[in-house]
Amino acid sequence: MSAAITTPPAAPTVSRLERLRQQLLSRADSLPTAAALVIFVLMLAYGEIAYGRIFQLSTVSNLFINNAHLIILAVGLTFVIISGGIDLSVGAIIALSSVCGVILANAGWNAGLVILVMILIGSTIGLVSGVLIQYFDVQPFIATLAMMFLGRGLASMLSTVPVRLDEASGILLLGTKIKLIDGPKVNDLVITPGVLIALLVVAAAFIILHRTRTGRTVYAIGGSEHSASLMGLAVVRTKLFIYVASGTLAGIAAVVYTARLGSAQNITGIGWELDAIAAAVIGGTLLTGGFGYVLGAVVGALVLGLMNVLITRDGSIPPEATTIITGGILLIFVLLQRAVISRQRE
Amino acid sequence: MSAPPIVEMKGISISFPGVKALDRVDFRLFPGEVHALMGENGAGKSTLIKALTGVYTIDEGEVRIDGTPRRLGGTADAQAAGVSTVYQEVNLCTNISIGENVMLGHETRGPLGINWRDTHRRASEVLEKVGLGELDPRLPLSTLSIALQQLVAISRATVTDSTVLILDEPTSSLDANEVENLFTVIRSLRDEGVAILFVSHFLDQVYAISDRMTVLRNGTFQGEFMTADIDQATLIATMVGKEMKALDSLERASSRREVDRSGAPVYRAEGLGRKGSLEPTDITLHAGEVLGIAGLLGSGRTELARLVYGADKPEEGTVRLEDAEAQIASPSQALAARIAYASENRRDEGIIRDLSVRENLILAVQAKRGWARPIPAQEKNALVEKYMNALNVRPADPDRPISNLSGGNQQKVLLGRWLATRPDVLILDEPTRGIDIGAKTEIMEEVIALADEGVAVVFISSELDEVVRLSDRVMVLKDRRKLTELLAGDSLTSDTIIATIAEESAPEDPGSLEPAGTGASS
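Looking at an unreviewed UniProt entry, chain B carries the name Sugar ABC transporter ATP-binding protein, with the source organism given as Candidatus Brachybacterium intestinipullorum.

Along the polypeptide, N91 of chain B turns up in the loop between β6 (83-86) and α3 (98-103). At 3.5 Å, the side chain of N91 of chain B forms a polar contact with the side chain of S227 of chain A. Once residues within four sequence positions are removed from consideration, N91 of chain B is found in contact with H226, S227, L230 and M231 of chain A together with R347 of chain B.

A few words on empty space enclosed by the protein. This model, assessed by the stated rule, comprises 5 cavities of 30 Å³ or more. What the largest cavity holds in volume is close to 160 Å³. Taken together, 16 residues form the lining of the largest cavity, with L230 and M231 of chain A together with T85, A153 and R156 of chain B sitting closest to its centre. Residue classes in the lining of the largest cavity are distributed as 8 nonpolar, 7 polar and 1 charged.

With that settled, the discussion passes to the sheet that holds strand β16 (residues 316-321) of chain B. All names here are of chain B. The strand order across the open sheet formed by 4 strands is β14-β13-β16-β17, and the pairing between neighbours is antiparallel. Strands at the two margins of the open sheet, each flanked by one partner only, are β14 (278-285) and β17 (324-326). Strand after strand, the sheet turns through a mean of 25 degrees between neighbouring axes, direction not considered. Looking at chain direction, strand β13 (residues 267-274) and β14 are connected through 5 bridges and run antiparallel. Opposite Y267, over in β14, you have L285 as the bridge partner.

Attention shifts here to the environment of V244 of chain A. Assignment of secondary structure puts V244 of chain A in helix α10 (residues 235-261). Separated by 24 residues in sequence, V244 of chain A and T268 of chain A place their C-alpha atoms 21 Å apart.

To continue, consider the pattern of salt bridges. All names here are of chain B. Within the structure shown, the criterion is met by 30 salt bridges over all chains. The partner of E180 in a salt bridge is R187, and the shortest N-O contact between them spans 3.9 Å. Two residues, R301 and E430, come together in a salt bridge whose shortest N-O distance is 3.3 Å. In this pair, R301 sits in helix α10 (residues 301-309) while E430 sits in the loop between β19 (425-429) and α16 (437-452), placing the two residues 129 residues apart along the sequence. Each member of the pair, R301 as well as E430, is classed as buried. A cluster of three or more residues bridged by salt bridges with shared partners is formed by R261, E289, R473, K482 and E485.

Among the surface-exposed residues, R338, K368, K386 and R422 of chain B lie close enough to one another that they form a single positively charged patch. Within the secondary structure layout, K368 of chain B lies in helix α13 (residues 357-369).

Residue and element names in this part refer to chain B. Taken as a whole, this structure holds 6 aromatic pairs over all chains when the rule is applied. Judged by centre distance (5.4 Å) and plane angle (45 degrees), the ring pair of Y309 and Y341 falls under tilted. A residue pair is termed long-range when its members are at least 10 positions apart, and Y309 in helix α10 and Y341 in strand β18 (residues 339-342) qualify at 32 residues. Pair check on accessibility: Y309 and Y341 agree, each one buried. Look at Y309 and W418: their rings are 6.3 Å apart centre to centre, the planes differ by 80 degrees, and that puts the pair in the edge-to-face class. Residue Y309 is located in helix α10, and its partner W418 is located in helix α15 (residues 407-419); the two are separated by 109 residues in the primary sequence. The exposure classification of Y309 matches that of W418, with both residues buried.

What follows deals with the confidence of the model for chain B. Averaged over chain B, the pLDDT score is 83; the fraction of residues at 70 or greater is 91%. Segment residues 506-522 of chain B: pLDDT under 50, and 19 contacts once partners within four positions in sequence are set aside and those in other chains are kept.

This part takes up the packing of helix α8 (residues 213-223) of chain A against α10 of chain A. Residue and element names in this part refer to chain A. Between α8 and α10, the shortest axis-to-axis distance is 10 Å and the interhelical angle comes to 95 degrees. In terms of orientation, α8 and α10 fall into the roughly perpendicular class. For the pair α8 and α10, contact is made by T214, T217, V218 and I221 and by V235, T238, K239, F241 and I242, respectively. Split by residue class, the contact of α8 with α10 holds 5 nonpolar, 3 polar and 1 charged.

Turning to the sheet that holds β19 of chain B, a few remarks are in order. To summarise the sheet geometry, strands pair through backbone hydrogen bonds and adopt either a parallel or an antiparallel arrangement. All names here are of chain B. One open sheet holds the 6 strands; their spatial order is β18-β19-β20-β15-β21-β22, and the pairing between them is mixed. The outermost strands of the open sheet, each flanked by one partner alone, are β18 and β22 (481-487). Between one strand axis and the next, the sheet turns by 15 degrees as a mean value, whatever way the strands run. The pairing of strand β15 (residues 290-294) with strand β20 (residues 456-460) spans 4 bridges and is classified as parallel. The partner of V290 across the bridge, within β20, is V457. Packed onto the sheet, α16 meets β15, β19 and β20 and runs at close to 155 degrees relative to β20. Those strands touched by helix α18 (residues 494-503) are β15, β21 (473-478) and β22, and its axis lies near 150 degrees from that of β22.

Scoring rules and cut-offs
Residues numbered from 1 in each chain as written. Chains lettered and ligands numbered in written order. Predicted model: local features only at pLDDT ≥ 70, side-chain atom pairs only at ≥ 80, totals over all residues. Heavy atoms only, no water. Helix = DSSP H or I, 4+ residues; strand = E, 2+ residues; numbered from the N terminus. Polar contact = N/O pair within 3.5 Å; in protein donor to acceptor, adjacent residues only side chain to side chain. Contact = heavy atoms within 4.5 Å. 1 Å grid on protein atoms, 1.4 Å probe; cavity = no way out; pocket = protein on both sides within 12 Å on 5 of 7 lines; lining within 4 Å. Points joined across faces, edges and corners; volume = space filled by probe spheres on them. Nonpolar A, V, L, I, M, F, W, Y, C, P; charged D, E, K, R; others polar. Pairing = 2+ DSSP bridges. Axes fitted to C-alpha atoms, helices over the stretch in contact; angles between N-to-C directions. Salt bridge = Lys/Arg side-chain N within 4 Å of Asp/Glu carboxyl O. Buried < 20%, exposed > 50% of the residue type's maximum accessible area, 1.4 Å probe, protein only. Patch = residues over 30% accessible without salt bridge, like charges linked within 9 Å, V, L, I, M, F, W, Y side chains within 5 Å. Areas by Shrake-Rupley, 256 points an atom, 1.4 Å probe, with all protein chains shown as cover. Lys, Arg positive; Asp, Glu negative; His and termini not counted. Charge placed at Lys NZ, Arg CZ, Asp CG, Glu CD. Phe/Tyr/Trp six-rings, centres within 6.5 Å; stacked < 30°, edge-to-face > 60°. pLDDT = per-residue confidence, 0-100. Parallel < 35°, antiparallel > 145°, perpendicular 65-115°, else oblique.

Right under this line is the structure:
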């Protein structure tokens, strides 16, 4: 090694242009989220032009009311996916938790207690997944798949027919429609406590992910779990937290959904884990981990919900084709993400 | 030294199944000194470091930090005790910002959670100490080169006001200037009273930076020396337990060999290039010749190798094999054409961690045959035995997971993997990086033996001395283009190569990252 070698000094003197390019690059990971937002607005505009009565208070209200549970699930999945994992159990948690909840409520349990039990069912299943993943080194896919079968099976053992919630049950209060703005005809801005819960969940998740060490550790684990543990971060605790949070949020989603529907069934929520994953991915969360936003998950869930509305309104698209369109949108976003990543690698 | 040691390890023993990695090793580290930990691969350096950082549990012995006995249960424990580590492979997260990588776990928190403005401000302050004050801490870490990431990792270690800083092979991917920069940082930390444990395979660097050294061999303590009191020959002898004559015998081994360049070249590419990776370059490889590729980090060495091997698809250029037109756009085509490439990135592109030595070794042969035709067990064993013996892989147990082997021995297994495919062209990208002198010598001897057997070898190394020693011909690269080719001979020394690169240093491209006029001083 000789000091005669002349190379640029380590302190980079970058041109202004280069700095601008880097700054754009640093925002590149939010591009898919921005794209999701754009697509959402375009879908709204298209719906308004083609079918009318989309861009109005009642439609937006219903969009939130009907998808509150999906938003909550997608937020939970966002945590899991950012950390580089996956949670397939959330749909089954909804089934087990809601069937359990309705049966207990009809047996005369106090509504508040029932809600607590419903949420804790989710937390418990999440905890088991987390322990399996963290301490028994089981792949997240397998661990949560096992929990999915377990949850679905337990729900089926409790009941195989739809169980209706007593009309007097306090749980239904969470599904009460509260008119905020009384618009002309039926064009009202309506909200339910369930929607409020979803919004609170989103806000809490946003703060946790962006403003707490636990949240930042989630990102670090997604970047490199090995590095995160060598950095002395609380990897074990955080990973447990992630799966417990995802399960708990699934429990909360079960409460919100049951309150809206007023009944529960063991086959409720089949495939919802995949809807939630799709919402997170459409919202810009990378399945490989490390990148993603809670707000993206919200937009993703709304895109999926709006798509259903548009298909219903159109009438000429058979409902069976819904999944094809979902798949198409998902594919477009994944391709978009790949483009962003490959540009970042350069 | 009057002050008591900040770290004192006494009689440390650590065993792994079948191996005694450390056998009653003593080690002490004083505040305000740079202490080099020396030894061959497998001597126990990494194990000792991991014992000190709490990654491994100690079977026997005692660790005292600042006079108090400690039982360290993990990295977080070690950090709490004031011990920070920067590993050879930069262990940061490329998906988050530079500032966050520095501050992760130590962010400023306010009533609203993390205060990002203040966190980034503090990150800037810390980065300033390692000469990176100009960086925008909000940029993603992935925008930085490995060398700068290394400095970021070091500045992360200083956030915690560590009293002990462990640097494990911090210079293995840095060029001379970056090393000088790093040394300035190390010296200023030392002057602030930080105790620095420095591990490097570059003897010159160890002599340049360290005050004291501890030598390990085969997991045992060989002695502690003041750097000023021990000369290189004695040090090497202590490390390997025998006088190192091998490197000397390799000296200019190439110049004694005659290469026949009259026949059709085994491989010949004209205008081989790919946008953003390498400008169109001609490269010719002859049977029995070692072609060295010299250049600084980022000069296009690896890019060239990847293009030849088809790991990156060439966008332009023609390739002829033995004078027959050919196209190599993927590794499987390259393998079929008997071209093999051992990547510089041993960890990610070389070994398969969870597989055994045996499986790692036969991987390429099996890939070449296709998965439908498994190699018969007998043939497999013969192959594995042959190459493990020929390359002196230790421990000689083919069923051990490869991740248990030291870096040098992993490298030998990888070399064996490609040799087993009986290549006509073998590209070795930094085969000697991060491994000890003993293994280095063995690998270099193997390269010469291969050339003698008629293999065309491409040897890439940032150690110019090695390139000069081994090569029959040297291609010099700079800024992703070929400068020239030099034939081996008495006039070819590392100084001539450096001069060739330095002469070309005035950049004409205004868009280049290099500030103009760096070459003026030379």
